Amino acid sequence: MKKGLLIVISGASGTGKGTVCKELLARAPGIAYSISATSRAPRAGEEDGREYYFRTRAEFEAMIAAGEFLEYADVYGNYYGTPLRPIEERRTAGEDILLEIDTQGALNVMERCPDGTFIFLLPPSYEELRRRITGRGTDTAECIAERLAAARDEIRLGKRYRYAVMNDTVGDAVARIQTILAAERLRADRDLTQFDFDI
Ligand code: ADP
Ligand code: 5GP
């Protein structure tokens, strides 16, 4: 059985990771989504166990101590972490799994899982990034300024990823990601074992 892909989509806040991942999952229903744990409060409409596992800081710290995370990070004052066990279980069963995480988390996953598919999502411009963060309407003016300043540093990390995808339109960004995934599934280091050759 071939191991499933570990797909990591990352990029600066407001780039459109959430939007693009949702559309990718709609078009490629075979991909499982890794539900993260977080210590932030749920937003209106969010449900425990669907968008995130919502935990207190103390509960989150107990999970860290128990080694339950593949990675975790402090993102704008709240903990976010990727539970390890579902990832191993799904990949071993041959299923692909998608992580939508921040840049610190992605760099940590690169260390632990170098066989992952690391995709860096970029906005078309800083101006457009500002428009997207402002237009989302979930952040205060101070929070927007902080995220834009952080975005400049985060975008410099893009060259550490194997793939870079511009999110100009959601449809084009998702199509590019699907091209990457199609190629990743054909990589020789994943694929040759299925052929009956002694390579
Ligand atoms: P992230 O998860 O990276 O923080 P979101 O998915 O929340 O970003 O997107 C930020 C805002 O930008 C949202 O209001 C979303 O609707 C909008 N957005 C996302 N992708 C695009 C796009 N390709 N074109 C225009 N607006 C977009
Ligand atoms: P939000 O609070 O807007 O849902 O997410 C804030 C940021 O945390 C986003 O950049 C999101 O990608 C990131 N994030 C969500 N889950 C995880 C996770 O498990 N680990 C890390 N490192 N970042 C995460």
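In case you missed it, the structure is sitting above this.
The paragraphs below set out a description of the structure included in this document. The numbers attached to residues start from 1 for each chain and follow its sequence in the written order. Chain A is the first chain written and ligand 1 is the first ligand written, with later ones labelled in order. In view of the model being predicted, local features appear only for residues whose pLDDT reaches at least 70, and side-chain atom pairs are presented and counted only at 80 or more, with totals across whole chains, interfaces and linings using the full set of residues. Side-chain measures here rest on the full set of heavy atoms in the structure, leaving out hydrogens and waters.

1. Side note on the pattern of salt bridges
What counts here: For this analysis, a salt bridge means a side-chain nitrogen from Lys or Arg found within 4 Å of a carboxyl oxygen belonging to Asp or Glu. Put simply, DSSP marks the helices as runs of H or I at least four residues long and the strands as runs of E at least two long, and each gets a number from the N terminus on. Residue exposure (1.4 Å probe, protein chains only): buried if accessible area is under 20% of the type maximum, exposed if over 50%, otherwise partly exposed.
What the rule picks out here adds up to 16 salt bridges. The salt bridge partner of R91 is D115, with a shortest N-O separation of 3.0 Å. Of the two residues, R91 sits in helix α3 (residues 84-92) while D115 sits in the loop between α4 (103-112) and β8 (117-122), which places them 24 residues apart along the sequence. In this structure R91 comes out as buried when scored by relative accessible area, which is 6%. Overall, D115 belongs to the partly exposed group, its relative accessible area being 40%. Across the salt bridge formed by R156 and D153, the nearest N and O atoms sit 2.9 Å from each other. Of the two residues, R156 and D153 are both situated in helix α6 (residues 141-156); the distance of three residues between them amounts to about one turn of the helix. Connected through shared salt-bridge partners, K3, R91 and D115 make up one network.

2. Details of the packing of aromatic side chains
In this description, an aromatic ring pair is defined by two values, namely the gap between the centres and the angle between the planes. Rules: Centres within 6.5 Å make a pair out of two Phe, Tyr or Trp rings, where for Trp the six-membered ring is used; the pair is then stacked when the planes are under 30 degrees apart, edge-to-face when over 60, and tilted otherwise. Think of it as a cone above the ring: NZ of Lys or CZ of Arg counts as a charge over the ring if it is within 6 Å of the ring centre and within 35 degrees of the ring normal.
With the rule as written, the count across this model stands at eight aromatic pairs. Ring centres of F60 and Y79 lie 4.7 Å apart, and the angle between their planes is 5 degrees; on these two criteria the pair is classed as stacked. In this pair, F60 is assigned in helix α2 (residues 57-65) and Y79 in strand β6 (residues 78-83), connecting sequence segments 19 residues apart. Among the residues examined, F60 registers a relative accessible area of 0% and is labelled buried. An aromatic cluster of at least three residues, connected via ring pairs, comprises F60, F69, Y72 and Y79. Lying across the ring of Y76, R147 places its NZ or CZ 4.3 Å from the centre. Across the ring face of Y126, the terminal group of R152 is positioned such that the distance to the ring centre comes to 3.7 Å.

3. Let's talk about the sheet that holds strand β4 (residues 52-54)
We apply this condition: Strand pairing requires that DSSP identify at least two bridges connecting the strands. Under this scheme, a helix contributes an axis fitted over its contacting stretch, all axes are lines through C-alpha atoms, and angles between N-to-C directions fall in the 0 to 180 degree range. Whether two residues touch is decided by their heavy atoms; if any such pair falls within 4.5 Å, the residues are in contact.
Spatially, four strands are ordered β4-β3-β6-β5 in an open sheet, and the strand pairing comes out mixed. A strand with exactly one partner marks an edge of an open sheet, and here the two such strands are β4 and β5 (69-75). Averaged over all pairs of adjacent strands, the angle between their axes in this sheet comes to 25 degrees, without regard to strand direction. In the packing of α2 onto the sheet, contacts are made with β3 (36-38), β5 and β6, and the angle to β6 comes to roughly 40 degrees. Across the sheet, α3 is in contact with β5 and β6; its angle to β6 comes to roughly 25 degrees.

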